[in-house]
Amino acid sequence: MAGDDHHVLTRVGDLPEVCLAHAIALTSPRDACRCAAVSPAFRAAADSDHVWRRFLPPEHVHHGSAVLPPQGQPAKQSAPSSKDAYLRLCDAGAAVLVGGEGNGAMRMWLDKASGAKCYMLSARALSLPWDDGEFSWRWTPHPLSRFRDVAELVECTSLDIYGRLPAAELTPATSYAAYLVYGVADGHRGLSYPDQETTVALGGDRVAAAAPPRHAVCLHPDEAEARKFTAVSRGTGPEEPRRPRVREDGWSEMEMGRLRTPGGDGKEAGEEEVVVSFEVLGWYPKRGLIVEGVEFRPVN
């Protein structure tokens with residue numbers, strides 16, 4: 001009878017778990033964690049392998065054997081979940097080694113909030129100046145390094161450092177910042193003058209419409225040295241030099257610049273590369289710079 005008709009209110013939390021999981025997988029890792037706090041139903045969906053497999057890079061999906069067990073074999077109860085695999089990949093201290101320990105060594109991990117890829121190019125993957133012959137730099141182990149060795153500047157007059165990374169390695173349509181990660185040895189010299197510049201740009205199969213912006217930096221600020229330098233040099237211009245930041249791992253880092261990777265507008269990275277540079281304009285003796293590498297991280 002019409003009088004017995006009644007409406008049942010259906011809430012979002014009443015949807016099947018697979019529907020919730022599919023919707024949450026279209027968001028971000030940060031949003032998935034927020035969803036898990038809504039209700040038990042949301043938590044079950046937000047923690048599911050369906051969601052976190054979506055956030056894993058395709059080449060690392062197999063790290064969670066609970067996600068994709070070997071064909072014909074059931075997943076082990078103790079096997080890590082996709083979320084566990086994701087969280088392991090977010091540990092920068094245990095970042096995945098890419099390219100071995102040779103000249104192209106780099107490490108990859110994920111930004112925990114967004115899932116975007118982060119990379120560290122080792123010193124051996126960079127182009128370092130050797131204008132003074134084999135004695136310009138020395139390769140040495142370092143207790144803070146994530147690589148087999150670092151490059152320590154012994155002595156040079158012309159100092160410029162270049163690095164390249166295929167743009168396709170980075171997450172598409174994402175804003176990134178590049179950082180020079182370094183230390184300074186005792187007895188350093190020539191690293192405190194404000195005549196240092198950095199650039200970050202996309203290059204490769206498309207010609208840049210204009211030269212990349214140049215940023216004034218100073219790796220080891222020293223006011224007394226800066227005053228002496230200003231008295232005899234034109235410096236890098238009116239821009240106040242950027243200063244380094246001391247990281248939790250003990251290294252210093254200097255932001256070299258920012259860029260946005262191709263994608264999201266129908267364009268693909270193709271053969272493009274991200275090219276970074278650090279240059280000291282003055283020709284004078286320099287020593288004591290310890291280069292760990294160049295790091296690329298998304299700008300949140």
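No experiment lies behind these values; they were computed from the predicted model shown.

## Some remarks on the pattern of salt bridges
- Throughout the structure, instances matching the rule amount to 17 salt bridges.
- Among the ionic pairs, Glu-152 bridges to Arg-138, the shortest N-O distance being 2.9 Å. Placement of the pair is Glu-152 in strand β5 (residues 150–153) and Arg-138 in strand β4 (residues 137–140), with a sequence separation of 14 residues.
- On the accessibility criterion, Arg-138 (42% relative accessible area) is partly exposed.

## Focus: helix α1 (residues 17–24)
- Among all positions of α1, only Leu-20, Ala-21 and Ile-24 are buried. Burial along α1 is one-sided: seen end-on, the buried residues are contained in an arc of 100 degrees.
- Along its buried surface, α1 packs onto α2 (29–35), α3 (40–46) and α4 (49–55).

## Some words on the pairing of strand β13 (residues 287–298)
- Counting buried positions over the 12 residues of β13 gives 11, a clear majority of the element.
- In the sheet, β5 pairs with β13 via 2 bridges, with the strands oriented antiparallel. Bridging from a neighbouring strand, Ala-151 pairs with Val-291 of β13.
- Of the strand pairs in this sheet, strand β7 (residues 175–189) and β13 are connected by 10 bridges, and their pairing is antiparallel. Opposite Tyr-179, over in β13, you have Glu-295 as the bridge partner.

## Side note on the nonpolar core
- Counting 57 residues, the largest nonpolar core has Trp-137, Leu-159, Ile-161, Phe-278, Leu-289, Val-291 and Phe-296 as the members making the most contacts within it.
- Not counting residues up to four positions away in its chain, the partners in contact with Ile-161 are Leu-126, Ser-127, Leu-128, Pro-129, Trp-137, Val-276, Ser-277, Phe-278, Leu-289 and Val-291.
- Listed in part, the 11 residues of the second largest apolar core include Ala-105, Trp-109, Met-120 and Phe-147.

## Here we look at the packing of aromatic side chains
- As enumerated under the stated definition, the model contains 4 aromatic pairs in all.
- Measuring from centroid to centroid gives 5.0 Å for Trp-52 and Tyr-86, while their planes differ by 55 degrees, and the two rings are tilted. Of this pair, Trp-52 sits in helix α4 while Tyr-86 sits in helix α5 (residues 82–89), and the two are 34 residues apart along the sequence. The residues Trp-52 and Tyr-86 share a single accessibility class, namely buried.
- Members of the aromatic cluster, joined through ring pairs, are Trp-52, Phe-55 and Tyr-86.
- Arg-107 extends its terminal NZ or CZ atom over the ring of Phe-147, reaching a point 5.7 Å from the ring centre.

## Thoughts on unusual backbone geometry
- Positive phi values are uncommon outside glycine, yet Ala-173 reaches one of about 50 degrees.
- For Ala-173, the location among the structural elements is in the loop between β6 (160–166) and β7.
- With relative accessibility at 24%, the residue Ala-173 sits in the partly exposed group.

How each quantity is defined
Residues numbered from 1 in each chain as written. Predicted model: local features only at pLDDT ≥ 70, side-chain atom pairs only at ≥ 80, totals over all residues. Heavy atoms only, no water. Salt bridge = Lys/Arg side-chain N within 4 Å of Asp/Glu carboxyl O. Helix = DSSP H or I, 4+ residues; strand = E, 2+ residues; numbered from the N terminus. Buried < 20%, exposed > 50% of the residue type's maximum accessible area, 1.4 Å probe, protein only. Arc of directions from axis to C-beta. Contact = heavy atoms within 4.5 Å. Pairing = 2+ DSSP bridges. Core = buried A, V, L, I, M, F, W, Y, C linked by side-chain atoms within 4.5 Å. Phe/Tyr/Trp six-rings, centres within 6.5 Å; stacked < 30°, edge-to-face > 60°. Lys NZ or Arg CZ within 6 Å of the ring centre and 35° of its normal.

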